[in-house]
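Take a look at the letters that make up each chain.
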Amino acid sequence: MSKLKIRTRVLLGLASLMTVGGVIAAPSASAAPCAAGTPGQYVDGFATEGQEIPGSPKRYEFGDSPYVGVRYDRCLQTIKVYFGGYTGITHYNISPGWGPQLELAPLERGVWTAGRNFRPLPPRDTLHFSVQACKRGGFLGRSTCTAWSPVVWLEP
């Protein structure tokens, strides 16, 4: 069989596979929830206590705690937690409402992002987050931390 016939058969085979098995060749609609160029579709978190402070997304604090705000981007399928308000600390703790708390960098205006693969266990319809600012203790010493921020709820 000539090389031309072999190439033709391979190309025809691939073309038929793409036509019959379009799902294999083209991504499903669920893979891209928003059309290209569409501005983000955001859902902001809310708190039932604490005071709201200016900023976008809405952010909340107690007088003696860091601020916290949460935003879900439906197009990118990501959750961002905005936190800060303190200097001279060694770290922030974030409590995502399930599992153990996480330690974050001591940024005055920080953002923690949970990406597309983020799935809290067990699955929940409502997520909640809070943060606290801390100074690490000395050798074998405990950290000294602020009060926890208000709990910010998110319903993606």
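Residues numbered from 1 in each chain as written. Predicted model: local features only at pLDDT ≥ 70, side-chain atom pairs only at ≥ 80, totals over all residues. Heavy atoms only, no water.

### What about the side chain of His91?
Part 1: With respect to the helices, strands and loops of the structure, His91 is situated in strand β7 (residues 91–95).
Part 2: Note on His91: relative accessible area 3%, which makes it buried.
Part 3: Side chain to side chain, His91 and Thr90 meet in a polar contact 2.9 Å long.
Part 4: A polar side-chain atom of His91 sits 3.5 Å from a polar atom in the side chain of Arg136. (Helix = DSSP H or I, 4+ residues; strand = E, 2+ residues; numbered from the N terminus. Buried < 20%, exposed > 50% of the residue type's maximum accessible area, 1.4 Å probe, protein only. Polar contact = N/O pair within 3.5 Å; in protein donor to acceptor, adjacent residues only side chain to side chain.)

### So, the nonpolar core
Part 1: By size, the foremost hydrophobic cluster in this structure holds 22 residues, and its most contacted members are Val70, Ile79, Val81, Ile94, Trp112 and Phe129.
Part 2: Here this core takes 4 residues from strand β10 (residues 127–135), the largest share from any one element.
Part 3: Ignoring anything within four residues of it in the chain, the contact list for Ile94 reads Val81, Gln101, Leu102, Leu104, Trp112, Phe129, Ser130, Val131 and Trp148. (Core = buried A, V, L, I, M, F, W, Y, C linked by side-chain atoms within 4.5 Å. Contact = heavy atoms within 4.5 Å.)

### Details of the packing of aromatic side chains
Part 1: Enumeration according to the criterion identifies 2 aromatic pairs in this entry.
Part 2: Relative to Tyr92, the ring of Phe83 lies with its centre 4.9 Å away and its plane at 70 degrees, an arrangement referred to as edge-to-face.
Part 3: A relative accessible area of 2% means that Phe83 is categorised as buried.
Part 4: Its guanidinium or amino end placed over the ring of Tyr42, Arg71 lies 4.6 Å from that ring's centre, counting from NZ or CZ. (Phe/Tyr/Trp six-rings, centres within 6.5 Å; stacked < 30°, edge-to-face > 60°. Lys NZ or Arg CZ within 6 Å of the ring centre and 35° of its normal.)

### Digging into the state of the cysteines
Part 1: Taken as a whole, this structure holds 1 disulfide when the rule is applied.
Part 2: Here Cys134 is linked by a disulfide to Cys145, with a sulfur-sulfur distance of 2.1 Å. The S-S bond linking Cys134 to Cys145 shows a torsion near 110 degrees; that makes this disulfide right-handed. Taken together, the residues span a long stretch of sequence, with Cys134 in strand β10 and Cys145 in strand β11 (residues 144–145) at a distance of 11 residues.
Part 3: You can call Cys134 buried: its relative accessible area is 1%.
Part 4: Taking the relative accessible area as the measure of exposure, Cys145 reaches 33% and is therefore partly exposed. (Disulfide = S-S within 2.5 Å.)

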